[in-house]
Each structure stands twice: as structure tokens, then as C-alpha cells.
Amino acid sequence: MPRVVVIGAGVVGAAVADELTGRGWTDVTVIDQGPLPMTGGSSSHAPGLVFQANSSRMMTELARYTVEKLCSLDDEGEPCFLPVGGLEIATSVERLLDLHRRAGWLASHGIESSVLGPEQCVRLHPLLDAAEVLGGLFTPTDGLARSVRAVAAQIRRAQQRGAIVLAGREVLDVLTEDGRVVGVRTDGGELPADVVVCCAGIWGQKVAAMVGLNLPLTPLEHQLVRTGSVPALAGQETEAVRPILRHQGADLYYRDDYDQMMIGSYDHRPIPVDVHDIARHGAGPTMPSVRPFTPDDFASGWKESQSILPALRHAEVADGFNGIFSFTTDGAPLIGEHREVAGFWVAEAVWVTHSAGVGRAVAECLVDGHPSVDLHEAELYRFEPHQIGPAYVLERDCQSFVEVYDLLHPLQPMDSPRPLRLPPFHDRQHALGAYFLEASGWERPQWYESNAPLLAAYDRAGTPIARFGEWASRYTSPIAGAEALATRERVAMYDMTALKRIEVMGRGATAFLQHLVTGNIDRSVGSVTYCLLLDERGRIRSDVTVARLGPERYQVGANGNLDLEYLRARAPSDVFVHDITPGTCCIGLWGPAARDVITSVSHDDFSNKGFGYFRAIEAHVAMVPVTAMRLSYVGELGWEIYTSADLGTKLWDTLWAAGQEHRVLAGGRAAFSSMRLEKGYRSFGADMTWDHNPYEAGLGFAVRLAKDDFVGKDRLEQLDPEAVERRLVCLTSTDPQAVVMGNEPVFVGAEAVGYVTSAAWGHTVGRAIAYAWVPTHLATPGTDVEIGYFGARLPYVVTTEPLFDPAMTRLRG
Ligand SMILES: Cc1cc2nc3c(=O)[nH]c(=O)nc-3n(C[C@H](O)[C@H](O)[C@H](O)COP(=O)(O)OP(=O)(O)OC[C@H]3O[C@@H](n4cnc5c(N)ncnc54)[C@H](O)[C@@H]3O)c2cc1C
């Protein structure tokens, strides 16, 4: 049995120890520099509010499990969770609408909630001023995690199963040999270990640095205030009776605590803390994770609190402090194993809310080799290189603090730092009036204002205005519809630079890739294969296009850094895996006139016979050397044309000039997304994730079971493709007002049966399209369902896919 050392006995370390020992890994030693169970870390003073609603399904599931688990635990007869319910209130119309969206996320996860009017909110929380509140979202299973008790209960249970706990012992170093952990050195001696799990909270960077790992997180101060006795609560003899309360519009949250109120505030400037400035244990009168209260930062929060909860006008701020906990650039935890030091795991930047879920996931990774929850959003190595630099991390983490309760549109780009990554043709796009959004730091046009005149020609265009007002309709323009229609009739240039490109080469490249992917890539040079990367359970890790450019040289079109890491981690010494994205760029030249354009500027054979569908060649476009691949996510004739960054502008100018005769246009991402859905092309991360197998996702065609062994094949062979329990289906509606955003629940009657993954208006097919997961018995075309959208129910029908050009005449023509 592996010897495990868990560094940190906060809620996360305690959960990891409990979950590991519960799975039979009982040789676990938990080490904490502080005393137990109040170690002095963030868990020692967190008020423990657990709200489960989250736009991320992963975060909701981590929270749901935390609630379930803590509800089942007690600490010497005292519950670890107080199921008082959670009330998120709205004081603006925008927020009120958003509460419905949040209720939808919960419904699709099977978590009960309801949107209430002001009077009902006040009935649940009588301290609220009904005149200030427009409504609230009540989630009965939300509540208060008593984090110190949760630590105590989980640590005790782990001890009962054999774990050893060393309190008051600091880990000074993590010992390694030949690229793996062998133990830890503490101020009380050395301990051998096969696995070390870093659950060191705000000290995480310090511990990770012991093994040369840079953790992209920032500890930040966050204010927590306790009022004196509130007359309206006088006589309350129970710890908490009212639902926990969130006033996200003002960055505030509340819980009652006997006759006092506790108020948490994000309504202040970000106050980052350097890990080296965190006090040592016992060095001062307070815990190391507690900083002096800065009253000025609470002034507006207190005013707002007295407005929303008038009873507080008769109370004082009794005390407060600035507590420290960790933020990440995208708000998700950091979970995973060090790529260079085997056996060193991290579980960092985790809220109490998600702690037991994360503990379970880490234990599953260690014991079973994989988590039961799709963790790709929390993977340690999800970041691009520029996203782990100290300046970026500090700026974005401070922004994460500012945005923690903000109403973020799914398409909303980061405000800053921008611009960061520019394709070489950025100036050209700018000159065409591109409206830029951002993807992995790349500036990417969403549509082009210069295409506005197309609206007159394409009167079917005009993206229908989303029903629920300005907010939902942001980041879109009717111009995108015209761009989509014009692409299908003429030819357009799409910026595909943000697509991750990985070069795989070396003597063993073919065998290496062949073993990892579901398709047969050992075909002729020039072949392009769409296939999947699976895990050992046969679930989808990613989808990739593998272009064979030489006998042992491939270009892999992938989904992001996780794919790069996955390939790198597995590459044998005779295979080189190289991220060529930053040094290259890509234009998708698509539309019926694409061949006319390209042949006018290239001597290479771009004929249908000479350059078939899903083939690649290295060619020249005028004087620009390119790699051209005949494939298209928009379902039109054309090519992805790659070149080096230095020649990107020349490529753009060459194609643009040649295209004039054919009325070429530049197309943006909004048009692209709409056309992608018309063709039914899946997008990893939205439509399918690590939770799904190929058959459920409608990607069985990408699997070659006849091929020799590949990762996941064993499991797939045990599956009956026809006997899956859920399916990704295409839903459509002819109502131009029925376009949804993604993540909405799908209903049949009162029951939430699934959720939407991607959605758009299909400009060519004239229908609203929503891809969604539903149980197989509801996947038959013609089945009526409803999508819950901002509280309304929109009728949709399961529809045969693809909606556009099922015979593929466009692509193959
Ligand atoms: C004021 C405040 C309010 C909050 N409110 C909420 C809330 O309402 N809901 C919510 O979900 N979250 C809340 N949070 C966030 C939450 O408290 C933290 O995210 C969570 O407690 C982190 O748990 P952890 O186990 O990772 O870290 P910690 O609890 O900090 O535990 C880390 C442990 O590692 C130990 N350690 C570190 N380095 C070493 C070493 N070298 N050797 C030995 N031991 C070491 C430390 O002593 C510490 O005990 C709040 C945070 C603050 C500050």
C-alpha cells in the first residue's frame, strides 16, 4: 500500500485523508504546522456558507457532494452541516433574471431550488427589506458547513482507519529521488512517502516550490465582519436559523450566528498577500491567515448591509478581520500531479464549499486512477504558458476577486490584460471593424462591422434578439447572421489561429499516436484523421484532427494545453511534442468559391481529385509556404491554411486580394459557431467532456475498434454502442426568439431530464439549435422537450442531425 503524506489539515487535507482511508489506503500521515482542528489556516475561520449554484457543472457537483457528505458527518454529536438553505437575492432586474438562469443550472443537476418574490424572501429571512429586494433564489439544500467540525470529524474518521496525524509539525522540504517523491522533511524529522498531497491552502506556493512547481494562485484578503447583538435577533439560542444570504449585486454575504450577524465582503479593493509575508504560526496573537481589519474597506459594505437588512441599523460592527484565502485566474481549483515529480499531488485553491468533492476526486485519482467527476476545468496544467507568469497571475487573480460575484456573460472576455496574443493579421481585422472577443488570450473577431452592408443583401440574417433583454443579447450582432449566409454563398476568411496546434515528430511518432487515438492515423502521408483521445475508461479526453505531414511527422489540431500536456507526458524519448500554436497562424478559407480563390494564387493542386476531403499538403499560396488541410468546421468547401507567424499578414493579404473577385468576406466567430452547430460538429469542453463516451456523444464514427490496441479500447469493446443511457442530441425550434445560451436545463413536464451544451441560431436552416444531453428514451427525433430559459419554458423538438448538408455535398464538392 502506498505511503501517503498529506500536507495540511484544513478542510481539504482532512477530506483527502478521509476519502483515501475510506478507500483502503490507510497508510496516511496528515501533517499540519498548526494545532488541530483549528490549524490557523483559512478553514479555521471560514463562516462556511455553501451555495451550490454554479455555471460550472464540475463546481456544482463538487459542492453537491460536499453537502451530501457533511450532512452525514458529526463531530462528537454536533452536526458538520447546518441545512438552513441558501437565499441569493436580486436587487436589479438583471440579477433577477439571472436567478432564473441559476435555478436552471441547479435543476439540470437535480438540485431543487425556486425563484421567489420579495415577500417570500422576507418570509424566509425576516431581516430583509422587501422594498429593496426584487426576488430571490432559494436552494433548500444549501447551508452552513461548520468547517472546523468538518476537519475534526474527517480527521478523526481517518485516524480510526489507521491514519496518523502530526500536528504542530512543519514540512520544510519534500524529498525526491529520480523524479519522484520519497518523503518529507519536517521540523521533527523525516518521513518516507510514495505520495505527497499538498493541501497547504494559502501556503501552497511555498510547499509546491519545494519540488520546483509554480502554482498559479494568489492569496488575497477578504473581509469578514461580526456585528454586535442585533436587537431583532435577541434571544436567538440556535447558531443559525435563517438561510444563508447572498447579495451578489453588492458583493456581500450574510449568515446569522445566534444574536449576531456575520457579513462577508468582496466589496473592496483586491489585497493580495505574498506567500512569504504570511506570518509564522505562533508569531502573533492571531492566526496566520488573519490580517488586521481595514475598516475603510468595509464602509460601503456596511452601508449597503444596513440598507438591505434594516435591522442592522440598530447594531454595531463588533469586530472584523481580513482573512486570507487563495484565488486562481479562472476561479477553479488546482488539482493534479506534478509533471516532473511523480507522486507529488496538489489540491489547492479550494473553497469549503467544494472541499469534500475535491477530497473525493483526489482520492479517486490516486486509488482508482481517475476521478468520477469531470475535472478538466480544475486540471493543474490547463494554463497556457503566459497564464502562469507572476504578473499575469497576480493581475488575473485580483480580477477574479473583483469578479467573484459578478454576473459574467458566457462570452464575456477578460477586461485586462488585453490585448495579449495577436495573430499576424490583427491589424487587417481591426481595419475591417472586427469586434474582438478573447480566447486563451488571443484576440479573436466575433464579427466585422465592415460586413454591415451585407444585412441588406441577406434579409434572412439578423440574429434574433434573445428574449430576455440586453444582457443575454450581448456580444452578438445581426451582422454575424449575414456573415454566415454570405459564407455559404461566396467565400470567407476565418481566423483559426487560436486553435491549438501540436507538432508530433520523431522515429516513434506513428506508433505513439496510433496507441493514443481512436482512429487509424497510420495512413498515407497527407491523410487527416478526426479521432478521439480516450482515457482508460473509454471516456473522451479530447477530440483531435491528426494530419500526417511526413512518415513520422504529424500536426495535431487539439483543444488546449491539457492535450499538449497529455501528449508530452506520454511521449517516448524518440518522439518530440511541440506546441507550434504561438509561432504559426491559421486562416479558414471556406465557401463555394474557396477553390477559385486558392487556385488563383497557388500552383499546387487544389482540385477535387488532387486534393481530396480530409487531406493535407504542404504548398505555397503565392510566395507564402503553407500547410493546407481540406476540412471545415462550417461545413463548406475549403481549407485550413497554416503558415508561420512572420508570413501571416502576407497570407491574409494574398487571399484577400485574390478573393475580391469572388466578394470574399472576413467571418467572425459568431457566424462560425452557428454554422458549426448546423453541421452538428461537437466542441470538446461544451458538448462532450471527460464524463462521456464516444457512443453517447454521437462520435462512434471516430472509433476504429478493428485497429490494434489503443487507450480505452478495452472498455469500448465492452460497451454496446446502441445501449447507452444518454445521448447528445440536436434540439431545434422555429421560434426566432428561442435562442438560448448553453447550460440550460431540458425539461419533459416538470422533470429536468438533461442540459444544453451549445446553442445558436442556425441562419441557413432558419431554426434555433441547441445541443443537449438527454436520456436515450428521449433521444428519438420528433420528441418534444422544453428548455428552461430565464424561467420560461421554450418548446424544442429532438431533430435528426446534421441539419445542414447531411450528404456532405458541400464539403466534398
Ligand atoms: C474570511 C474568509 C471567509 C470564507 N468564507 C467561506 C465560505 O463562506 N464558504 C466557502 O466555501 N469558503 C470560504 N472561504 C474560503 C475557505 O475558507 C478556503 O478556501 C478553505 O478553507 C481552504 O481550505 P484548505 O484546507 O485548502 O486550506 P487551510 O484551511 O488554510 O489549510 C491548509 C493547512 O496547511 C497547513 N500547512 C501549510 N503549509 C504547511 C507546512 N509547510 N507544513 C505543515 N502544514 C502546513 C496550514 O497550517 C493549514 O492548516 C473563506 C475564507 C476566508 C478567509
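Scoring rules and cut-offs
Residues numbered from 1 in each chain as written. Predicted model: local features only at pLDDT ≥ 70, side-chain atom pairs only at ≥ 80, totals over all residues. Heavy atoms only, no water. Near = heavy atom within 4 Å. Polar contact = N/O pair within 3.5 Å; in protein donor to acceptor, adjacent residues only side chain to side chain. Areas by Shrake-Rupley, 256 points an atom, 1.4 Å probe, with all protein chains shown as cover. Helix = DSSP H or I, 4+ residues; strand = E, 2+ residues; numbered from the N terminus. 1 Å grid on protein atoms, 1.4 Å probe; cavity = no way out; pocket = protein on both sides within 12 Å on 5 of 7 lines; lining within 4 Å. Points joined across faces, edges and corners; volume = space filled by probe spheres on them. Nonpolar A, V, L, I, M, F, W, Y, C, P; charged D, E, K, R; others polar. Pairing = 2+ DSSP bridges. Contact = heavy atoms within 4.5 Å. Axes fitted to C-alpha atoms, helices over the stretch in contact; angles between N-to-C directions. Disulfide = S-S within 2.5 Å. Buried < 20%, exposed > 50% of the residue type's maximum accessible area, 1.4 Å probe, protein only. Parallel < 35°, antiparallel > 145°, perpendicular 65-115°, else oblique. Left-handed = near helix turned anticlockwise from the far one by under 90°.

J.: Just checking my understanding: could you explain the site of the ligand for this structure?
T.: Taken together, 37 residues form the shell around the ligand, and within it Asp32, Thr39, Ser43, Val350 and Thr353 come nearest. Measuring from an oxygen atom of the ligand, one finds a backbone N or O atom of serine 42 at 2.8 Å. A distance of 2.6 Å is found between an oxygen atom of the ligand and a side-chain nitrogen or oxygen belonging to threonine 353. Protein coverage of the free-state accessible area of the ligand, which is 990 Å², stands at 98%. Elements with a contribution of two residues or more to the shell around the ligand: α1 (11-22), β2 (28-32), β16 (217-227) and β21 (317-328).

J.: In this structure, what is going on with the layout of surface pockets? I would like to understand it.
T.: To find leftover empty space, a probe the size of one water molecule is rolled over the atoms. The computed volume of the second largest pocket comes to approximately 770 Å³. The wall of the second largest pocket is formed by 30 residues, among which Glu337, Glu379, Arg541, Tyr566 and Arg570 lie closest to the centre. When the residues that make up the lining of the second largest pocket are grouped by side-chain class, the tally is 14 nonpolar, five polar and 11 charged.

J.: Please clarify how unusual backbone geometry should be interpreted in this entry.
T.: Leaving glycine aside, a negative phi is the common case for residues, and trans is the common case for peptide bonds. The peptide bond linking leucine 36 to proline 37 adopts the cis configuration, its omega dihedral lying at 0 degrees. Here proline 37 is to be found in the loop between β2 and β3 (49-50). Following glutamate 801, the chain continues into proline 802 via a peptide bond in cis, with omega recorded as -5 degrees. Tracing the chain through its elements places proline 802 in the loop between β42 (792-799) and α20 (809-812). One non-glycine residue, serine 440, adopts positive backbone phi at about 50 degrees. Along the chain, serine 440 falls in the loop between β24 (434-439) and β25 (442-448). We note that methionine 808 has phi near 65 degrees; this positive angle belongs to a residue other than glycine.

J.: Can you walk me through the sheet that holds β16 in this structure?
T.: Strands pair in a sheet through their backbones, by hydrogen bonds, and they do so in one of two ways: parallel or antiparallel. The mixed open sheet is built from nine strands, whose spatial order is β8-β9-β7-β17-β18-β19-β16-β21-β20. Strand pairing shows two members of the sheet lacking a second neighbour, β8 (114-116) and β20 (290-291), which therefore form its edges. Sheet topology places strand β18 (residues 252-257) next to strand β19 (residues 260-265); six bridges connect them, and they run antiparallel. Residue pairing across strands places aspartate 257 opposite glutamine 260, the latter belonging to β19. Seen against the sheet, helix α7 (residues 299-308) touches β7 (86-90), β16, β17 (244-247), β18, β19 and β21 and runs at an angle of roughly 65 degrees to β18.

J.: What should I look at first to understand the state of the cysteines in this one?
T.: Under the defined criterion, the tally for this structure stands at zero disulfides. The closest cysteine sulfur to the non-disulfide-bonded cysteine 531 is located on cysteine 586, 18 Å from its own sulfur. A relative accessible area of 0% means that cysteine 531 is categorised as buried.

J.: Help me out: how do you make sense of the pairing of strand β28 (residues 528-534) in this one?
T.: Put simply, side chains in a regular strand alternate between the two faces of the sheet. In terms of burial, β28 is largely enclosed, as seven of its seven residues are buried. As paired strands, β28 and strand β29 (residues 540-550) are joined by seven bridges and run antiparallel to one another. Residue threonine 529 lies in a different strand from β29, and its bridge partner there is valine 546. Between the antiparallel neighbours β28 and β29 lie five residues, among them glycine 538 with a positive phi of about 80 degrees.

J.: Just checking my understanding: could you explain the packing of helix α14 (residues 509-516) against helix α15 (residues 561-570) for this structure?
T.: Think of two packed helices as two axes; the pair is described by the angle between the axes and how far apart they sit. Between α14 and α15, whose axes approach to 11 Å, the crossing angle comes to 120 degrees. Between α14 and α15, the interaxial angle falls into the category oblique. Note on packing geometry: the crossing formed by α14 with α15 is right-handed. Along its contact with α14, which presents Phe512, Leu513 and Leu516, the element α15 presents Tyr566, Leu567 and Arg570.

J.: Explain the pairing of β18 here, please?
T.: With six of six residues buried, β18 lies mostly within the body of the structure. The alternating pattern of β18 places Leu252, Tyr254 and Asp256 on one face and Tyr253, Arg255 and Asp257 on the opposite face, and all of these are buried. The pairing of β17 with β18 spans three bridges and is classified as antiparallel. Following the sheet pairing, arginine 246 is matched in β18 by tyrosine 253. Linking two consecutive strands that pair antiparallel, namely β17 and β18, is a turn of four residues; a positive phi of about 60 degrees is found at aspartate 251 within it.

J.: Any chance you could explain helix α18 (residues 669-679) here in plain terms?
T.: Residues spaced three or four apart along an α-helix point in a common direction, a consequence of the helix completing one turn every 3.6 residues. Counted residue by residue, α18 has nine buried out of 11 residues, so it is predominantly covered. Residues of α18 that are buried: Ala670, Ala671, Phe672, Ser674, Met675, Arg676, Leu677, Glu678 and Lys679. Just beyond α18, the residue with positive phi is glycine 680, at close to 75 degrees.

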